Amino acid sequence: MKQVVAFDFDGTLTTRDTLLAFIRYAKGTRAFLWGFLRHAHLLVLMKCGLYPNWKAKQRVFSYFFSGMSLDVFDVLCQQFAAENSHLLRPKGVKVLQQAQADGAEVLIVSASIDNWVQPFFPTVKVVGTQIEVANGQLTGCFLTPNCYGEEKVRRILALYPDRHEYHLTAYGDSRGDKELLAFADEAHYKPFRL
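Residues numbered from 1 in each chain as written. Predicted model: local features only at pLDDT ≥ 70, side-chain atom pairs only at ≥ 80, totals over all residues. Heavy atoms only, no water.

1. Description of the nonpolar core
For clarity, the cut-off: Residues belong to one nonpolar core when they are buried, are Ala, Val, Leu, Ile, Met, Phe, Trp, Tyr or Cys, and are joined through side-chain atoms within 4.5 Å. Classification of residues uses two cut-offs on accessible area relative to the type maximum, computed with a 1.4 Å probe and protein chains only: under 20% is buried, over 50% is exposed, and between them is partly exposed.
If you look at the biggest cluster of nonpolar residues, it comprises 41 residues, and the most contacted ones within it are Phe22, Phe61, Phe65, Phe73, Ile108, Trp116 and Phe121. Residues Val109, Val127, Tyr160 and Leu168 belong to the second largest nonpolar core, which totals 14 residues.

2. Topic: helix H5 (residues 70-83)
Basically, it comes down to this: Helix numbers and strand numbers start at the N terminus; a helix is a DSSP run of H or I with at least 4 residues, a strand a run of E with at least 2. One fewer than the residue count of a helix, multiplied by 1.5 Å, yields its expected span. Within this analysis, the arc is defined by the directions that extend from the helix axis to the C-beta atoms. Working rule for contacts: check all heavy atoms of both residues, and any pair within 4.5 Å makes them a contact.
The end-to-end C-alpha distance of H5 is 20 Å, a good match for the 20 Å that 14 residues give at a rise of 1.5 Å each. Inspection of H5 places Phe73, Leu76, Cys77, Phe80 and Ala81 among the buried residues, and these make up the whole buried set. Along H5, the residues classed as buried sweep out an arc of 130 degrees about the axis, all on the same side. Facing away from the buried side of H5, by more than 90 degrees, are the exposed residues Asp71, Ala82 and Glu83. Tucked inside the fold, the buried residues of H5 contact helix H1 (18-27), helix H4 (53-65), strand S2 (105-113), helix H7 (114-117), strand S4 (131-134) and strand S5 (137-142).

3. Considering a nonpolar patch on the surface
Which entries qualify depends on this criterion: Patch criteria: residues need more than 30% relative accessible area and no salt bridge. Like-charged residues are merged within 9 Å; nonpolar side chains of Val, Leu, Ile, Met, Phe, Trp and Tyr are merged within 5 Å. In these tables, accessible area is a Shrake-Rupley quantity obtained with a 1.4 Å probe, and a residue counts as shielded only by the protein chains included in the view. Counted as salt bridges are all cases of a side-chain nitrogen of Lys or Arg within 4 Å of a carboxyl oxygen of Asp or Glu.
Together, Trp34, Leu37 and Tyr63 make up a nonpolar patch on the protein surface, roughly 340 Å² of accessible area in all. Of note, Trp34 is situated in helix H2 (residues 29-38).

Put into C-alpha cells, the structure is as follows:
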C-alpha cells in the first residue's frame, strides 16, 4: 500500500509561526509593528471568533505585500529560508527525511504561503495557501482557500482521491490540523516538542 506522510509546517516543523517571522524579515521591525497595530482590531475579532481567520490573514498579507513584484517576493522567500533554518525543529526534519528515504510520498500541508515554505524543503511537495499574481505583481489576495482545517483534507483528497489506496500518516500541532489528524490512519499531535 502506498505510504503518504503529511506534515504541518508552522509549529510542527518550525518553532514558531513563519507568517509573522517572514513579514518582520521582509519589512523590518518598525513596519511590522506598525502594520500589526493597524490591524489589531481584526486580530482581536479573529481570536474571539467574530472574524474569519482567512480574512484576517489575507488583510494583513495584503497590507504588507500587495503590489510587490513576484520576482522580488520570491527572492525574499528564498533568502528568508536560507537565513532562518534555525526555525526548523531538528527532530521533525529527521522524521521527514526518514519518510523520504523509506519511499513515502511526503507532503507539507500548510496554511502558510507556498512561496516561503518550499525553499525550506526543496525536494518535498508543498500544499499551502497560494497567492494571486496579476501582471507579475502580488494582488494581496489568496488564489486558493487558506489551507487550514478542513481545507487540508480537501487538498490531500484532490491529490489522492481514492482513500483506500494509501496509508496516511499526519503530523500537526494546532487547531488548524485537527481535521487532518482525524482523517489520517496514523496521527501525531505535537510530536517534535522537546
